[in-house]
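One-letter residues, chain by chain:
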Amino acid sequence: LSDKIQTIDIREDSLAEIKTDYLTYPLEEKPDIIITNPPFVLAQEMIEKALADVKNYGYVIMLLRLNFFGTQKRFPFFSKNLPTYAYVHHKRISFTGGATDSIEYMHAVWVKGENPTHTLLKVI
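1. Some thoughts on the nonpolar core
Phase 1 of the analysis: Of all hydrophobic cores here, the largest spans 20 residues; its most connected members are Ile47, Val60, Met62, Leu64, Phe68, Met106 and Trp110.
Phase 2 of the analysis: Contributions of two or more residues to this core are made by α1 (43-53), β4 (59-65), α2 (75-80), β5 (85-88) and β6 (105-111).
Phase 3 of the analysis: Here this core takes 5 residues from α1, the largest share from any one element.
Phase 4 of the analysis: In contact with Met106, not counting residues within four places along its chain, are Met62, Leu63, Leu64, Arg65, Leu66, Phe68, Phe69, Ala86, Tyr87, Val88 and His89.

2. Quick word on the sheet that holds strand β3 (residues 33-36)
Phase 1 of the analysis: Taking strand neighbours across the sheet as the criterion, the 5 strands line up as β3-β4-β6-β5-β7 in an open arrangement whose pairing is mixed. Of all the strands in the sheet, the pair left with one neighbour each is β3 and β7 (120-123). Between one strand axis and the next, the sheet turns through 20 degrees on average, direction left out of account.
Phase 2 of the analysis: With 4 bridges joining them, β5 and β7 adopt parallel strand pairing. Pairing of Val88 across the sheet is with Val123, part of β7.
Phase 3 of the analysis: Sitting on the sheet, α1 touches β3, β4 and β6, and the angle it makes with β4 is about 170 degrees.

3. Quick look at unusual backbone geometry
Across residues other than glycine, the phi torsion is negative in most instances, and most of the peptide bonds are trans.
Phase 1 of the analysis: You will see that Tyr57, though not glycine, has its phi angle at about 65 degrees, which is positive.
Phase 2 of the analysis: Judged by its relative accessible area of 55%, Tyr57 falls in the exposed class.

4. Here we look at the pattern of salt bridges
Phase 1 of the analysis: Evaluated as defined, the whole model comprises 5 salt bridges.
Phase 2 of the analysis: A salt bridge links Lys49 to Asp53, with the nearest nitrogen and oxygen atoms 2.6 Å apart. Separated by 4 residues within a single helix, Lys49 and Asp53 lie in helix α1, roughly one turn from each other. Each member of the pair, Lys49 together with Asp53, is buried.
Phase 3 of the analysis: Arg92 is the partner of Glu104 in a salt bridge, and the nearest nitrogen-oxygen pair spans 2.6 Å. Residue Glu104 is found in the loop between β5 and β6, and its partner Arg92 is found in the loop between β5 and β6; the two are separated by 12 residues along the sequence.
Phase 4 of the analysis: Judged by its relative accessible area of 37%, Glu104 is partly exposed.
Phase 5 of the analysis: A residue is classified by how much of its surface remains accessible, and Arg92, at 41% relative accessible area, is partly exposed.
Phase 6 of the analysis: Through salt bridges with shared partners, a single network forms among Asp9, Arg11 and Asp13.

What counts, and at which threshold
Residues numbered from 1 in each chain as written. Predicted model: local features only at pLDDT ≥ 70, side-chain atom pairs only at ≥ 80, totals over all residues. Heavy atoms only, no water. Core = buried A, V, L, I, M, F, W, Y, C linked by side-chain atoms within 4.5 Å. Buried < 20%, exposed > 50% of the residue type's maximum accessible area, 1.4 Å probe, protein only. Helix = DSSP H or I, 4+ residues; strand = E, 2+ residues; numbered from the N terminus. Contact = heavy atoms within 4.5 Å. Pairing = 2+ DSSP bridges. Axes fitted to C-alpha atoms, helices over the stretch in contact; angles between N-to-C directions. Salt bridge = Lys/Arg side-chain N within 4 Å of Asp/Glu carboxyl O.

So this is what it looks like as structure tokens:
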């Protein structure tokens, strides 16, 4: 694995190294791992781009709502792009340092080049 970490964020107030829209940004090198917390409405699009961008047998890790699995719209996507692992958080995550919302979250992990028939789920 490379020891180089590149950070990208669309927000101008971010501490990321590159301030741009990842969906339109061409990566110069294929990374070993892409990890992010995508906006829910763009999650599938970001996963698809990340799977195209990452090296073969590299990891794409996304923090997602657990209900990302439950949809008719994404069913065709999952038939070809089922995550290898899903790590479900047993406690609700606070994104503000205080109160939590009523959503359960997971880290979904895809391994590029794998096409599993099921996702291994672990509660963490």
